[in-house]
Amino acid sequence: MELSPFVTIRRDLHKIPEIGFQEFKTQQYLLHYIMNLPSERIEVETWRTGIFVKIKGENPSKIIGYRADIDGLPIKEETGLSFASTHEDYMHACGHDFHMSIGLGVLTYFVENPIDDDVLFIFQPAEEGPGGAEPMLESETMKKWKPDMILALHVAPEYPVGTIAVKEGLLFANTSELFIDLKGKGGHAAYPHQTNDMVITACSLVGQLQTIVSRNVNPLDSAVITIGKITGGTVQNIIAETARLEGTIRTLNPESMVKVKSRIKALVDGIQVGYGCEAEIDYGCMYHQVYNDEKLTREFMDFTEQSTEVQLYRCTEAMTGEDFGYMLKEIPGFMFWLGVASDHGLHHAKLTPDEESIELAINHLTNYITYKGKKS
């Protein structure tokens, strides 16, 4: 069976994952494809490692935007695929290769099948960090071509192929990175009384951080504090002088994020006094919640319910983070989940989304954007 050209593109892109603002090969691959399309109705501009592509409409009164993120993750791939990553220790483990290939499919359709309105395609870098959406919004190109509405999708391994899941209002949480550096006094393992052990301090702090959600957040609200990495010390017989905690914070409303961070600071201040150490907190990058426009999302849901190719699910909000939230903060629009039926979840080294979903997504998006972009 002959592969769809956009499945082939997905596989090409899957081989070359690159982390945020280092997507040089990815940008060149996308530009090479775009520049080989008929050029009469295309305008292309780059921003760092990202790309804007505007497809001119025949009688435009608005701009419809579609965003696809392009970066990969620092994960060593374990899929065993014939087209596995050729960049060691990097992988498209969040489906951005799908997002790009679907974006190119939709873009190609509107080059060949013009509608009344303009369509803007945004290939955005650094979604996984340090965050590309917020600074991209401030670019001169975005200000010049700012869409009147915008949409995006995200692959969902837990949903079957042929399904779309979405809801009005809050879809993804507010998120923030969390880094805490601790410094005490190192020394010989046989003389702990002469040292100030940062492994002990770090362990105590991790336990204290877990009390914030259980004791400082309203039980009817939701929040998560996860410490995913601890580093400290050098060898087994030297007491650690330094330690570092790395984690993430997620909340369903901005006010809870403020409260959680206030409690983290209070606990870290207490750790410095109680354990006689120095501590610094760095919140890294923070992502705004993904909040779907009520009217546009309801309209998309109604449109999807009429489809014979895909099935609509009404989902609940998730603690996932996505910097597309910054775009939705400024531009009415929505994000939806695309079912890709993988046994392994997002950010997993064995994530293998079903490629059948690519053509389904292209068809549904082209139908929807055509519906939105044609005058009655």
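Residues numbered from 1 in each chain as written. Predicted model: local features only at pLDDT ≥ 70, side-chain atom pairs only at ≥ 80, totals over all residues. Heavy atoms only, no water.

### With respect to the overall build of the protein
Line of reasoning, step 1. Broken down by element type, the protein carries 10 helices and 17 strands.
Line of reasoning, step 2. The C-alpha atoms of the protein give 23 Å as radius of gyration, which agrees with the globular expectation for 376 residues (21 Å, within 12%).
Line of reasoning, step 3. Viewed in the frame of its principal axes, the protein has a C-alpha envelope of about 80 × 45 × 40 Å.
Line of reasoning, step 4. Counting every position in the protein, which comprises 376 residues, the buried fraction comes to 54%. (Helix = DSSP H or I, 4+ residues; strand = E, 2+ residues; numbered from the N terminus. Rg over C-alpha atoms; globule rule 2.2 N^0.38 Å. Buried < 20%, exposed > 50% of the residue type's maximum accessible area, 1.4 Å probe, protein only.)

### Details of helix 7 (residues 254-275)
Line of reasoning, step 1. The terminal C-alpha atoms of helix 7, which comprises 22 residues, lie 31 Å apart, in line with the 32 Å expected from a rise of 1.5 Å per residue.
Line of reasoning, step 2. All of the buried residues along helix 7 are Ser256, Met257, Val260, Lys261, Ile264, Leu267, Val268 and Ile271. End-on view of helix 7: buried residues confined to an arc of 130 degrees, all on one side of the axis. Of the residues in helix 7, the exposed ones pointing more than 90 degrees away from the buried face are Glu255, Val258 and Val273.
Line of reasoning, step 3. Packed against the buried residues of helix 7 are strand 8 (174-183), helix 6 (198-216), strand 10 (223-232), strand 12 (242-251), strand 13 (278-282) and strand 14 (286-287).
Line of reasoning, step 4. Just beyond helix 7, the residue with positive phi is Gly276, at close to 60 degrees. (Expected span 1.5 Å × (residues − 1). Arc of directions from axis to C-beta. Contact = heavy atoms within 4.5 Å.)

### Here's the deal with the side chain of Gln124
Line of reasoning, step 1. Relative to the assigned elements, Gln124 resides in strand 4 (residues 118-124).
Line of reasoning, step 2. At 3.0 Å, the side chain of Gln124 forms a polar contact with the side chain of Arg67.
Line of reasoning, step 3. Among residues more than four places away in sequence, those in contact with Gln124 are Arg67, Ala68, Asp69, Ile70, Gly132, Ala133, Met136, Asp323 and Met327. (Polar contact = N/O pair within 3.5 Å; in protein donor to acceptor, adjacent residues only side chain to side chain.)

### With respect to the packing of aromatic side chains
The description of an aromatic ring pair rests on the distance of the ring centres and on the angle between the ring planes.
Line of reasoning, step 1. One pass over the full model with this rule turns up 14 aromatic pairs.
Line of reasoning, step 2. An angle of 70 degrees between the planes, with centres 6.4 Å apart, marks the rings of Phe6 and Tyr33 as edge-to-face. On the criterion of sequence distance, the pair formed by Phe6 in helix 1 (residues 5-14) and Tyr33 in helix 2 (residues 24-35) is long-range, its members being 27 residues apart.
Line of reasoning, step 3. Among the residues examined, Phe6 registers a relative accessible area of 11% and is labelled buried.
Line of reasoning, step 4. Using a relative accessible area of 21% as the deciding quantity, one classes Tyr33 as partly exposed.
Line of reasoning, step 5. Through a chain of ring-to-ring contacts, the aromatic side chains of Phe300, Phe303, Phe334, Phe336, Tyr368 and Tyr371 assemble into a single cluster.
Line of reasoning, step 6. One residue, Arg48, lies across the ring of Phe21, its end atom 3.6 Å from the ring centre. (Phe/Tyr/Trp six-rings, centres within 6.5 Å; stacked < 30°, edge-to-face > 60°. Lys NZ or Arg CZ within 6 Å of the ring centre and 35° of its normal.)

### Here we look at the nonpolar core
Line of reasoning, step 1. Among the nonpolar cores identified, the biggest contains 50 residues, and Val53, Ile102, Leu107, Phe121 and Phe123 are the most heavily contacted of them.
Line of reasoning, step 2. In terms of residue count, helix 3 (residues 96-112) provides more of this core than any other element does, 8 residues in total.
Line of reasoning, step 3. Excluding its chain neighbours within four sequence positions, the residues that come into contact with Val53 are Ile34, Ile42, Glu43, Val44, Leu107, Val119, Leu120, Phe121 and Phe123.
Line of reasoning, step 4. In terms of nonpolar packing, the next biggest core, distinct from the first, is built from 31 residues, Phe21, Met136, Ala152 and Met335 among them. (Core = buried A, V, L, I, M, F, W, Y, C linked by side-chain atoms within 4.5 Å.)

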